[in-house]
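As a plain string of letters, each chain reads:
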Amino acid sequence: MAASDASSASTVEEITPPPLDMNEVDRILEQHHSDSTELIAILLDIQDALGYLPIPALRHISEQLEFPINEIYGIVTFYKHFKLTPPPKHQFTVCTGTACHVRGAVQVFREFERQLNLDTTICNTTPDMECGLETVNCIGACALGPVVIVDGEFKGQVKQTRVSSMIKKATRSSGGDTE
Amino acid sequence: MSLDNPIRSSGELEDLHGVLVERRSEDHLCISICTGTGCVVGGAESVVDAFVEVISEMGLEEKIEVKPTGCHGFCEMGPLVTMTPSGYFYPQVHARDAREIVEKTLLNNEVVEKLLYHDPQTDEAIAREADVPFYKHQKRIILAENGHLNPTDIEDYISIGGYKGLAHVLDEMNPDEVITCVIDSGLAGRGGAGFPTGKKWEICQKQPSEPKYLVCNADEGDPGAYMDRSILEGNPHRVIEGMCIGAFAIGASQGFIYVRHEYPLAVERITLAIEDARTAGLLGEDIMGSGLNFDLKVVRGAGAFVCGEESALLKSLEGLKGEPKQRPPFPVEKGFQNKPTVINNVETWANVPHIINNGPEWFVGFGTEGSAGTKIFSLVGKVNNTGLVEVPMGVTIREIVFDIGGGIPNGKEFKAVQTGGPAGGCLPTSMLDLPVDFHALQEAGTIMGSGGLIVMDEDTCMVDVARYFTKFLEEESCGKCYSCRKGTQRMRELLDDICEGRGTPGHLALLEELGHAVNTASMCGLGQNAANPMLSTLRHFRDEYEAHINEHRCSAGVCTELIQYTILEEFCDGCAACSKVCPSECIVGEKDSLHTIITEDCIKCGSCLNVCTRGAVLITSGGGV
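Residues numbered from 1 in each chain as written. Chains lettered and ligands numbered in written order. Predicted model: local features only at pLDDT ≥ 70, side-chain atom pairs only at ≥ 80, totals over all residues. Heavy atoms only, no water.

Draft legend 1. Geometry of the overall build of chain B. Within chain B, the secondary structure is distributed over 26 helices and 21 strands. For chain B, whose C-alpha radius of gyration is 27 Å, the value lies close to the compact-globule estimate of 25 Å for 625 residues. With the C-alpha coordinates aligned to their principal axes, the bounding extent of chain B is approximately 80 × 65 × 40 Å. Looking at chain B as a whole, 59% of its 625 residues are labelled buried. In chain B, once contacts between residues fewer than 6 apart in sequence are set aside, the share between residues at least 24 apart is 69%. For chain B, the accessible area works out to roughly 23,600 Å², and carbon and sulfur atoms hold 48% of it. Of the side chains in chain B, 52 bear a positive and 90 a negative charge, and the two mean positions are spaced by 5 Å. (Helix = DSSP H or I, 4+ residues; strand = E, 2+ residues; numbered from the N terminus. Rg over C-alpha atoms; globule rule 2.2 N^0.38 Å. Buried < 20%, exposed > 50% of the residue type's maximum accessible area, 1.4 Å probe, protein only. Contact = heavy atoms within 4.5 Å. Areas by Shrake-Rupley, 256 points an atom, 1.4 Å probe, with all protein chains shown as cover. Lys, Arg positive; Asp, Glu negative; His and termini not counted. Charge placed at Lys NZ, Arg CZ, Asp CG, Glu CD.)

Draft legend 2. Inspection of the nonpolar core at higher detail. Counting residues in each nonpolar core, the largest one holds 112 residues, and the members touching the most others are F112 of chain A together with Y163, W201 and I240 of chain B. Here this core takes nine residues from helix α12 (residues 236-250) of chain B, the largest share from any one element. Those residues in contact with F112 of chain A, other than ones at most four positions away along the chain, are F92, V94, L133, V148, V163 and I167 of chain A. Among the nonpolar cores identified, the runner-up in size contains 68 residues, and I46, I72 and F78 of chain A together with F472 of chain B belong to it. (Core = buried A, V, L, I, M, F, W, Y, C linked by side-chain atoms within 4.5 Å.)

Draft legend 3. Inspection of the sheet that holds strand β2 (residues 64-69) of chain B at higher detail. All names here are of chain B. As summarised here, the arrangement of the four strands in space is β2-β1-β3-β4, forming an open sheet in which the pairing is mixed. Here the strands that pair on one side only, and so sit at the sheet edges, are β2 and β4 (89-90). For strand β3 (residues 81-84) and β4, the ladder comprises two bridges, and the chain directions are antiparallel. Residue V81 lies in a different strand from β4, and its bridge partner there is Y90. (Pairing = 2+ DSSP bridges.)

Draft legend 4. View of the packing of helix α2 (residues 22-31) of chain A against helix α3 (residues 39-50) of chain A. Residue and element names in this part refer to chain A. Their axes nearest at 10 Å, the elements α2 and α3 cross at an angle of 145°. Between α2 and α3 lies a crossing whose hand is right-handed. The residues of α3 that touch α2, namely those facing E24, V25, I28, L29 and Q31, are I42, D45, I46, A49 and L50. (Axes fitted to C-alpha atoms, helices over the stretch in contact; angles between N-to-C directions. Left-handed = near helix turned anticlockwise from the far one by under 90°.)

Draft legend 5. Fine view of the pairing of strand β10 (residues 341-345) of chain B. Most of β10 of chain B sits inside the fold, with five of its five residues counted as buried. The side-chain alternation of β10 of chain B yields two buried faces, one formed by T341, I343 and N345 of chain B and the other by V342 and N344 of chain B.

Draft legend 6. Spotlight on the domain arrangement of chain B. All names here are of chain B. Along its sequence, chain B is organised into domain 1 (10-131), domain 2 (161-363), domain 3 (368-457), domain 4 (462-550) and domain 5 (560-621). Here the C-alpha centroids of domain 2 and domain 4 sit 34 Å apart. Contacts between the two partners involve 11 residues from domain 2 and, on the opposite side, 10 residues from domain 4. Summed over both sides, the interface of domain 2 with domain 4 buries roughly 870 Å², with 73% coming from carbon and sulfur. Put simply, domain 2 and domain 4 have zero salt bridges between them. At the junction of domain 2 and domain 4, the tally comes to two residue pairs in polar contact (both at pLDDT 80 or more). Class assignment of the residues belonging to the side of domain 2 that touches domain 4 gives a composition of five nonpolar, three polar and three charged. (Domains from an automatic or database assignment. Buried area = accessible area lost by both parts, 1.4 Å probe. Salt bridge = Lys/Arg side-chain N within 4 Å of Asp/Glu carboxyl O. Polar contact = N/O pair within 3.5 Å; in protein donor to acceptor, adjacent residues only side chain to side chain. Nonpolar A, V, L, I, M, F, W, Y, C, P; charged D, E, K, R; others polar.)

Draft legend 7. Highlighting the sheet that holds strand β4 (residues 153-155) of chain A. Residues and elements named next belong to chain A. Read across the sheet, four strands follow the order β2-β1-β3-β4 without closing on themselves; strand pairing throughout is mixed. A strand with exactly one partner marks an edge of an open sheet, and here the two such strands are β2 (131-136) and β4. Across the sheet, the mean angle separating the axes of adjacent strands is 25° when strand polarity is ignored. Strand direction decides the pairing type here: strand β1 (residues 90-95) and β2, joined by six bridges, are parallel. The residue bridging H90 from the neighbouring strand is C131, located in β2.

Draft legend 8. Representation of the confidence of the model for chain A within the structure. On average, residues of chain A score 84 in pLDDT, and 85% of them reach the 70 mark or higher. Counting contacts from residues 1-13 of chain A, a segment whose pLDDT is below 50, to residues more than four positions away or on other chains yields 13 contacts. (pLDDT = per-residue confidence, 0-100.)

Draft legend 9. Inspection of α3 of chain A at higher detail. For α3 of chain A, with 12 residues, the first-to-last C-alpha span of 16 Å sits near the 16 Å given by 1.5 Å per residue. For α3 of chain A, every residue scored as buried is listed here: L39, I40, I42, L43, L44, D45, I46 and Q47 of chain A. Buried positions along α3 of chain A lie against α2, α4 (55-65) and α5 (69-78) of chain A together with β9 (295-300) and α14 (310-317) of chain B. Positive phi appears at G51 of chain A, one or two residues downstream of α3 of chain A, with a value of about 90°. (Expected span 1.5 Å × (residues − 1).)

Draft legend 10. Region of interest: the packing of α4 of chain A against α5 of chain A. All names here are of chain A. Taken N-terminus to C-terminus, the directions of α4 and α5 make an angle of 130°; their axes are 9 Å apart at the nearest point. In this view, α4 runs oblique relative to α5, as classed from their interaxial angle. Here α4 runs over α5; the crossing is right-handed. Facing α4, whose interface residues are I55, L58, R59, I61 and S62, α5 presents I69, I72, Y73 and V76. In terms of residue class, the contact of α4 with α5 is built from seven nonpolar, one polar and one charged. (Parallel < 35°, antiparallel > 145°, perpendicular 65-115°, else oblique.)

Draft legend 11. Structural view of the packing of aromatic side chains. Residue and element names in this part refer to chain B. A full pass over the atoms with the stated rule returns 19 aromatic pairs over all chains. Considering the side-chain rings of Y157 and Y163, the 5.3 Å spacing of their centres and the 85° angle between planes classify their relative orientation as edge-to-face. Measuring from ring centre to ring centre gives 5.3 Å for W362 and F366, while their planes differ by 90°; the resulting arrangement is edge-to-face. The class for W362 is partly exposed, based on a relative accessible area of 27%. The lysine or arginine in question, R260, covers the ring of Y263, its NZ or CZ lying 4.9 Å from the ring centre. Geometry around F377 places K375 over its ring, the cationic atom sitting 5.8 Å from the centre. (Phe/Tyr/Trp six-rings, centres within 6.5 Å; stacked < 30°, edge-to-face > 60°. Lys NZ or Arg CZ within 6 Å of the ring centre and 35° of its normal.)

Draft legend 12. Focus on the side chain of E111 of chain A. Mapped onto the elements, E111 of chain A comes out in helix α7 (residues 105-116). Under the relative-accessibility criterion, E111 of chain A is labelled buried at 6%. Here the side chain of E111 of chain A touches Q115 of chain A through a polar contact of 2.9 Å, side chain to side chain. Apart from residues lying up to four places away in sequence, E111 of chain A is in contact with Q160 and V163 of chain A together with S607 of chain B.

Draft legend 13. Examining the pairing of strand β8 (residues 254-259) of chain B more closely. Residue and element names in this part refer to chain B. Among the six residues that make up β8, five are buried, leaving the element largely enclosed by the rest of the structure. In the sheet, β8 pairs with β9 via six bridges, with the strands oriented parallel. Residue pairing in the sheet places V259 in a bridge with R300 of β9.

Draft legend 14. Representation of the interface of chain B and chain A. Each side of the interface is counted separately: chain B has 53 residues, and chain A has 41 residues. Overall, the association of chain B and chain A removes approximately 3,700 Å² of surface from exposure, summing both partners, and the carbon and sulfur fraction of that is 58%. Contact with chain A buries area across many residues of chain B, yet R300, A302 and Y468 of chain B alone supply 16% of it, more than any other trio. The partner of R300 of chain B in a salt bridge is D45 of chain A, and the shortest N-O contact between them spans 2.8 Å. Ranked by residues supplied to the side of chain B that touches chain A, first place goes to helix α19 (residues 462-476) of chain B with six residues. Residues of the side of chain B that touches chain A, tallied by class, amount to 24 nonpolar, 16 polar and 13 charged.

Draft legend 15. Inspection of the state of the cysteines at higher detail. All names here are of chain B. Considering all chains together, one arrives at zero disulfides over all chains under this definition. Cysteine C39 is unpaired, with the sulfur of C34 as its nearest cysteine sulfur at 3.5 Å. For C244, which is in no disulfide, the shortest distance to another cysteine sulfur is to C216 and amounts to 12 Å. According to the relative accessible area criterion, C244 is buried, its value standing at 0%. (Disulfide = S-S within 2.5 Å.)

Here it is as C-alpha cells:
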C-alpha cells in the first residue's frame with residue numbers, strides 16, 4: 001500500500017510548487033478541533049484555502065490526527081472534488097449533465113480539447129498551467145445548457161463556435177492582472 | 001416586537017406573526033426578482049441592483065420593496081420579475097427595463113407591452129403569472145412560496161406562517177400523534193425509493209437505542225435534477241421546520257444536512273437559516289420554551305454520486321469514503337455511528353410542515369392511491385419551457401411535457417423522456433399517457449427517482465444516451481461490488497462498440513444477460529439499477545440498436561463514427577464560412593463557388609454545420625439522412 005502511494009505521490013510532487021504555508025493547515029485543523037470524523041470538511045477547507053491538496057499537507061494532517069496517510073489518500077482519491085495538483089490559472093468547466101449532454105455538451109468539450117492542447121498525463125491542463133479543462137456532472141442550470149463555467153462565472157447556451165473567443169477572453173484578462 | 005430576543009412560546013410566535021403581517025399589508029408594493037441559478041446566469045443580479053437604484057433615486061424605498069427570491073421555476077425565461085399585489089409578470093427582464101417597470105407597472109398599474117410574456121403556441125400576450133400556461137397547469141405548494149420569500153430573512157418566512165406547524169406540534173400534539181398524522185397523509189420519500197415517511201419515523205422512534213439522529217439528504221447527484229437545490233436556496237426554513245417536527249416525533253436531538261459542495265449557494269443559505277433559527281429560539285436548546293432540544297449541522301459532500309445512497313451517505317458523514325454497506329440493518333436501526341437514524345430527502349422534509357398545517361386529508365386530496373401529494377420535477381432537455389414544475393402525482397407525462405413544457409422546440413418530434421436519473425429508464429412516445437406515480441413508473445421499467453424528467457427529440461440517439469448513463473455510472477461506481485465495478489465498465493465497452501460501428505448481433509444478447517446480472521448481484525441502489533438505462537432503451541428502442549449494428553446507421557446523427565458531413569450543392573453559395581472555421585482544413589472550394597468536404601480528413605467536429613447559415617451542411621449516416 002505504502003509503496004504504491006509513494007510512487008504516485010512522487011509524480012505529483014514533481015509539479016508541486018514548493019512554498020507551502022503549514023500554518024494555514026494548522027489553523028484549519030484547529031477550527032475542526034483536530035477531529036478525524038471531520039476529515040472531509042478539513043480537506044475541503046484546505047483545498048479552498050490552497051487551491052489543491054499538496055502531499056506534504058496530507059502527511060502533516062496524518063501526523064496531527066494520528067490517522068493513516070493511506071486512508072487519507074484513499075479518501076482524497078475517492079471524492080472527485082479533491083485535487084492533488086495545483087489549479088491552472090484559468091479553469092474551464094464543461095457541464096456534462098444529461099440536459100447539457102442532449103443539447104451538445106460533447107461537441108463543446110471536444111472543441112475545448114482541440115483548442116487547448118492539454119497535457120493529459122498528470123492533470124488536464126496546458127503544460128504552462130495557464131488553462132485547465134474539466135467536467136462537472138450537473139450544476140443545475142439545465143435551462144441554459146450547454147453550460148460552461150469560466151473561472152467561476154457561468155456561461156449559458158454555449159456553442160462550439162464560441163469556444164475560441166471564450167478562451168481568448170479569459171486568458172487576455174489574466175494578462176491584464178499580472179501587468 | 002422583533003427577533004432581537006428568542007421566541008419563548010407559541011404565543012410569542014403568533015404575536016410576531018401578527019406584527020409582521022400588519023407591517024407588510026399597508027399598501028405594500030413588492031417586486032420579486034428570481035435569483036435562482038438559472039436567472040443569475042441570465043443577469044438577475046444586475047436587475048436587482050437596477051431596481052434598487054431606480055427606487056432609491058425616486059425616493060420610493062418606503063413604498064416599494066425589492067425582494068430577491070429563490071427559484072420561481074420558469075428557468076427558460078429568466079430573469080423573472082413578478083409584482084404583488086397585482087400579479088403582473090415579466091420574463092427575460094434586463095437592468096435597463098427597471099425604470100419603465102417601476103414608473104408604469106408599479107406606480108400606474110399599467111403593463112409594459114413589449115416586456116410581456118408571449119405564449120409560443122398561440123402568440124397571445126399574457127400579463128399575469130397565474131395565466132401563463134407553464135404555471136396554470138401546475139399545483140404549486142412548495143414551489144409557490146419560493147417566488148414570494150426572501151430566503152435570507154427569517155421574518156419573511158414567519159410572516160407567511162412559518163414555524164406555525166412546529167408551534168402547533170409542540171403545544172398540542174404528542175410524538176405518536178405526529179407520526180400518525182404523517183402516516184395518514186401517505187407521504188412517501190421524494191428522493192427516489194418512495195418508502196412511506198411516517199412508517200420510517202415510527203420504526204426509528206421505537207428503537208431502544210439512544211441517541212437518535214436525523215439527516216436531510218441534499219446530495220442531489222442526478223444530472224438534470226435540481227429541485228432540492230431550489231428548495232434549500234429559496235426556502236431553507238421550510239426544511240428546518242420539517243426537521244424540527246421530525247425531531248420532536250422521533251426523539252432526536254441532532255440532525256445533519258448533507259449538501260453537495262457543487263451547490264455553494266445552497267450551503268450558504270441553509271447555514272445562514274440555521275444560525276437565524278437558532279438566534280430566534282426556533283432551533284437549539286429548549287425550542288420555543290417547550291423543552292425540545294434539537295440542533296442542525298451542515299455537512300458538505302465532496303463530489304461522489306454514490307453518497308446519495310443512504311448507507312454511503314452515513315459513511316461520508318463520519319468522514320470516511322462513501323462506500324455503501326449491506327442492508328439490513330437499515331439506518332433506522334443502525335445508522336450514524338450505529339445509532340437509529342432517519343434519512344429523508346429535502347422535498348420530503350419540506351412537505352412535513354404543510355401536512356401538519358393542513359391535515360393529512362388535505363395532502364391525500366392530491367395525487368393517486370398509493371402516491372399522495374404533489375411532486376416537483378425538473379423538466380429539462382429538448383423542451384420549450386425548461387424549469388421546475390410541481391404537479392399532483394398521477395398527471396400524465398403528456399400533460400407535463402406538452403401542456404406545461406410547451407412541447408418540443410423547433411418543430412421536432414418527441415422521442416422519449418428519461419425519468420429517475422442515471423438509474424432510471426427511458427419511456428417512448430407510446431407511454432406518453434402514463435400517469436406519473438411511484439407504482440406506474442416502476443411497472444413501465446423505470447423509477448420516479450428524485451424527479452428529473454429529461455425530454456429527448458428525434459436528434460437524440462438512444463444508444464448514445466444509454467452509453468452516456470452507463471459511463472456516468474461506471475465513473476461513479478464506488479468499486480466495492482465486482483458486478484457493478486466491472487459490469488458497468490463492460491456494458492459501456494459494448495455500447496462503445498455499437499456506437500462506433502463494431503457492434504454485432506451478439507452484442508445485444510450479451511448486454512441483456514450482463515445487465516440482468518449487474519442488477520441482481522450488486523449491493524446498493526446504484527448497482528442494482530445500473531443496467532436500467534441500457535435495458536429500458538433496448539426494450540423500447542431496439543430498432544435503433546439494430547440500425548447501428550446492421551446498417552451502421554445513427555438516424556439521429558449523433559454517433560461520430562457512423563456519420564459523414566456533406567455539403568449540398570443546391571444550397572451552398574460559396575461564402576467560405578465553413579472552410580474558415582474547419583480545424584482540419586478539409587473543406588475546399590473557391591470563394592463564391594461550391595465547397596466540398598474531404599471526408600477522409602474530416603474529424604466530424606460539426607463546426608461547419610454550426611456556422612452555415614444556408615443549411616447546406618448535411619449529416620448522413622448509413623446511406624440515409
